[in-house]
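Notes for the structure review
The primary structure of each chain is shown beneath.
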Amino acid sequence: MLYSLSNAHLRVQVDPLGAELRSLRDRAGLEYLWQRDPALWARSAPLLFPWVGRLPGGRYQVNGRDYALPLHGFAKESLFVAEQAEPQCLRLRLQEDLHTLRQFPFPFQLAITYRLASQTLHMDTLVYNPGPVPMLFGLGFHPGFRVPLSPGLSFSDYVLQFAPGPLAPQRIEFAPSGLRTGRLLPFALNDKNRLPLSHALFDQEAVVLAQAGRQVSLLPQGGGKGLALSFPDAPYVGFWQPANSQAPFLCMEPWCTLPGLEGGQAIWEQEPGLLRLAPGESFQHRLAISLLQGDA
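We now turn to the structure provided with this report. (Residues numbered from 1 in each chain as written. Predicted model: local features only at pLDDT ≥ 70, side-chain atom pairs only at ≥ 80, totals over all residues. Heavy atoms only, no water.)

Attention now goes to the packing of aromatic side chains. A complete count under the given rule lists 18 aromatic pairs for this structure. Each ring, one from Trp41 and one from Trp240, has its centre 5.6 Å from the other, and the planes form 70 degrees; the classification is edge-to-face. Here Trp41 is found in the loop between strand 3 (20-26) and strand 4 (47-48), whereas its partner Trp240 is found in strand 21 (residues 236-240), with 199 residues between them in sequence. Residues Trp41 and Trp240 agree in their burial class; the two are buried. Members of the aromatic cluster, connected to one another through ring pairs, are Phe49, Trp51, Tyr60, Tyr67, Phe74, Phe104, Phe106, Phe108, Phe137, Trp268 and Phe283. (Phe/Tyr/Trp six-rings, centres within 6.5 Å; stacked < 30°, edge-to-face > 60°. Helix = DSSP H or I, 4+ residues; strand = E, 2+ residues; numbered from the N terminus. Buried < 20%, exposed > 50% of the residue type's maximum accessible area, 1.4 Å probe, protein only.)

Note: strands within a sheet are paired through backbone hydrogen bonds, in either parallel or antiparallel orientation. Ordered in space as 7-8-9-10-24-20-19-14-17, the nine strands form an open sheet in which the pairing is antiparallel. Of all strands in the sheet, those bounded by a partner on one side alone are strand 7 (81-86) and strand 17 (194-196). For this sheet the average axis-to-axis angle between neighbouring strands, irrespective of direction, equals 15 degrees. Here strand 14 (residues 158-163) pairs with strand 17 via three bridges, running antiparallel. Paired with Val159 across the strands is Pro196, a residue of strand 17. (Pairing = 2+ DSSP bridges. Axes fitted to C-alpha atoms, helices over the stretch in contact; angles between N-to-C directions.)

In this section: the environment of Gln95. Turning to its location among the elements, Gln95 is positioned in strand 8 (residues 89-95). With residues up to four places along the chain from it excluded, the contact list for Gln95 reads Phe108 and Gln109. A distance of 2.5 Å separates a polar atom in the side chain of Gln95 from a polar atom in the side chain of Arg93. (Contact = heavy atoms within 4.5 Å. Polar contact = N/O pair within 3.5 Å; in protein donor to acceptor, adjacent residues only side chain to side chain.)

Of note, the amide linkage connecting Phe49 to Pro50 takes the cis form, showing an omega dihedral of 0 degrees. With respect to the helices and strands, Pro50 occurs in the loop between strand 4 and strand 5 (59-62). Residue Pro166 is reached from Gly165 by a cis peptide bond, and omega for that bond is 0 degrees. Tracing the backbone shows Pro166 in the loop between strand 14 and strand 15 (170-174). You will see that Ala19, though not glycine, has its phi angle at about 50 degrees, which is positive. As for its position among the elements, Ala19 is in the loop between strand 2 (10-15) and strand 3. Backbone geometry places Glu205, a non-glycine residue, at a positive phi of 65 degrees.

Right, here's the structure in full:
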């Protein structure tokens with residue numbers, strides 16, 4: 001069963017499996033979200049927890065004991081429980097069980113609230129540590145959007161516009177394994193805040209940026225329907241589509257943490273960049289997706 005939310009401007013559907021956004025439509029019925037074609041990508045907007053991306057060998061250690069995590073963690077395959085289900089607000093929660101403890105040896109509470117306000121979908125995520133020891137974790141978001149959105153346009157008719165500008169982002173380099181090399185590379189933007197889209201940008205799949213601001217808009221260069229993401233609590237943003245695919249979608253991914261390091265061994269207590277919560281502490285991430293109906 002999918003949960004539905006609506007107001008005068010938006011129609012939204014959310015799957016309790018993974019607390020995953022499944023549909024985002026405007027008042028005219030136009031679908032903005034990628035609709036799960038298994039030939040290209042069988043997801044729509046997975047929630048990444050307690051790890052973003054890959055681990056070396058898919059494994060890590062806590063207190064000298066080995067654990068395994070799948071790509072992007074287990075939240076995307078976990079069934080969340082609804083704590084609140086109203087026409088314009090939905091709150092879903094996941095907490096540890098025997099299955100998660102075999103993969104991630106920490107008690108936790110993970111809640112995501114979907115809330116509509118005019119033409120904006122707010123997604124507020126709260127991670128809480130109810131346990132007796134510090135908890136380290138990764139967190140990220142992976143929504144995919146249809147590109148083009150309007151008939152008669154192509155993927156290359158769109159541009160990403162970053163804010164606030166001007167900006168001088170750095171690209172996080174990845175090895176063919178999908179793990180980080182540890183290098184940061186300069187990544188130039190047109191007019192210091194715009195990136196024209198092309199499929200060739202993704203010949204090596206993901207483009208992940210640091211120091212790229214905390215808001216990015218997807219806009220047709222000649223004006224028209226687009227969208228904007230605001231992510232004030234995430235220091236990284238990634239963009240992805242399958243390499244060499246000409247796929248008609250783009251994932252726009254705020255990340256709080258990064259994948260593992262090529263050639264390394266993941267020791268959880270020593271892993272740089274993980275979020276850390278003391279017993280009784282919580283972390284909140286805010287993500288807003290706004291539909292843009294007018295000119296760029």
